[in-house]
Amino acid sequence: LVHSLLHGNKNAKQGQGDDGAEDTDASVSKDATITYVLKRLITGLASSSIQARQGFGLALSLLLGQEPSLRQTAVEMADSAHSVEGGVPASRELREAALANIFFWAAYAQSVKIEFGDHADLSNTTLSIPVQRMTKTLMACTAQSSWGLADAAVQVIKSFVDLGSYNTKDLQEDLKDWVQRRIFLLD
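Computed from a prediction, not measured in an experiment: that's the story for all the values here.

1. Side note on the overall build of the protein chain
Of regular secondary structure, the protein chain possesses eight helices and zero strands. If you list the helices and strands of the protein chain from N to C, you get α-α-α-α-α-α-α-α. In the protein chain, which comprises 187 residues, the share counted as buried stands at 36%. Counted over contacts in the protein chain with a minimum sequence separation of 6, partners at least 24 positions apart contribute 69%. For the protein chain, the exposed area adds up to about 11200 Å²; of that, 51% sits on carbon and sulfur atoms.

2. So, helix α5 (residues 92–116)
Compared with an ideal rise of 1.5 Å per residue, which puts 25 residues at 36 Å, α5 spans 36 Å between its outermost C-alpha atoms and is within 8% of the ideal. Backbone geometry just after α5 places Gly117 at a positive phi near 95 degrees.

3. What to know about the environment of Leu62
For Leu62, the position within the fold is in helix α3 (residues 50–66). Sequence separation between Leu62 and Tyr108 is 46 residues; the distance between their C-alpha atoms is 9.5 Å.

4. A word on the packing of aromatic side chains
Taken as a whole and assessed by the stated rule, the structure comprises three aromatic pairs. Centroid distance Phe104 to Trp105: 5.1 Å. Interplanar angle 85 degrees. Geometry classified as edge-to-face. Of the two residues, Phe104 and Trp105, neither departs from the other in class, the shared state being buried. These aromatic residues form a ring-pair network of at least three members: Phe104, Trp105 and Tyr108. Cation over ring: Arg71 sits above Tyr108, and NZ or CZ is 5.8 Å from the ring centre.

5. Some words on helix α7 (residues 150–163)
Given a rise of 1.5 Å per residue, 14 residues ought to cover 20 Å, and the 20 Å separating the end C-alpha atoms of α7 matches this to within 8%. Within α7, the full set of buried residues consists of Ala153, Val156, Ile157, Ser159, Phe160 and Leu163. Taken end-on, α7 shows its buried residues confined to a sector of 150 degrees, consistent with a single buried face. Pointing more than 90 degrees away from the buried face of α7 are the exposed residues Asp151, Gln155 and Asp162.

6. What about the nonpolar core?
Residues Leu38, Leu60, Phe104, Trp105 and Phe160 are the most contacted members of the largest nonpolar core, which totals 40 residues. Residue assignment for this core shows that the elements contributing at least two residues are α2 (30–44), α3, α4 (71–81), α5, α6 (131–141) and α7. The dominant element in this core, judged by the number of residues it contributes, is α5, at 13 residues. The contact partners of Leu60, leaving out residues within four places of it in the chain, are Leu38, Leu41, Ile42, Leu45, Phe104 and Ala107.

7. What about the packing of α2 against α3?
Across the interface, α2 lies against α3 with an axial gap of 8 Å and an inter-helix angle of 145 degrees. Between α2 and α3 the crossing geometry is left-handed. On the side of α2, the interface is formed by Val37, Leu38, Arg40, Leu41, Ile42 and Gly44, while α3 contributes Arg53, Phe56, Ala59, Leu60, Leu63 and Leu64. Among the residues making up the contact of α2 with α3, the classes are represented as nine nonpolar, one polar and two charged.

8. Points about a nonpolar patch on the surface
Among the surface-exposed residues, Leu58, Leu62 and Ile114 lie close enough to one another that they form a single nonpolar patch of about 240 Å² accessible area. Along the polypeptide, Ile114 turns up in helix α5.

9. Re the side chain of Thr137
Along the chain, Thr137 turns up in helix α6. The class of Thr137 is buried, set by a relative accessible area of 12%. Look past the residues within four positions of Thr137 in its chain and what remains in contact with it is Asp79, Val84, Asn101 and Trp105.

Parameters and conventions
- Residues numbered from 1 in each chain as written.
- Predicted model: local features only at pLDDT ≥ 70, side-chain atom pairs only at ≥ 80, totals over all residues.
- Heavy atoms only, no water.
- Helix = DSSP H or I, 4+ residues; strand = E, 2+ residues; numbered from the N terminus.
- Buried < 20%, exposed > 50% of the residue type's maximum accessible area, 1.4 Å probe, protein only.
- Contact = heavy atoms within 4.5 Å.
- Areas by Shrake-Rupley, 256 points an atom, 1.4 Å probe, with all protein chains shown as cover.
- Expected span 1.5 Å × (residues − 1).
- Phe/Tyr/Trp six-rings, centres within 6.5 Å; stacked < 30°, edge-to-face > 60°.
- Lys NZ or Arg CZ within 6 Å of the ring centre and 35° of its normal.
- Arc of directions from axis to C-beta.
- Core = buried A, V, L, I, M, F, W, Y, C linked by side-chain atoms within 4.5 Å.
- Axes fitted to C-alpha atoms, helices over the stretch in contact; angles between N-to-C directions.
- Left-handed = near helix turned anticlockwise from the far one by under 90°.
- Nonpolar A, V, L, I, M, F, W, Y, C, P; charged D, E, K, R; others polar.
- Patch = residues over 30% accessible without salt bridge, like charges linked within 9 Å, V, L, I, M, F, W, Y side chains within 5 Å.
- Salt bridge = Lys/Arg side-chain N within 4 Å of Asp/Glu carboxyl O.

Below you can see the structure in the form of structure tokens.
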């Protein structure tokens, strides 16, 4: 499915109207189709059904793993689709957006593993992982302690650290601030 989306189905025939002209619906550009699918996968991460969320996450992982050039676009789409800033605190929509962000960043990390393989040594590989954006988003997802998303956010961050593809010092300051804020909230 992902392969035919990215490379086109060579067996598909162009539709023809009654007058022999190409059907414009059949000639939708590959880029527009990929953008639509990417947007649909990202919005699906906010589903209230855990099974649907997992399915959208898996499909997104596969797509980004086979087409890494889409990652930056996916980050921008996820940022605009699932903002956890503002809104009514403790609202269901905000919680679903927080879950969508956690699933998005988990799918992003998994896509890197798909691209390079589970046991690849990425220590000498430069990946443009938007670390600050990721940590800021995941920290915002844990702001409402009643949601219980802190453990999931930490697991996602750990999956990026386990990739070993960037200097973890980039992450240390953000995590230090986050831990201090969490401790302050518990006092």
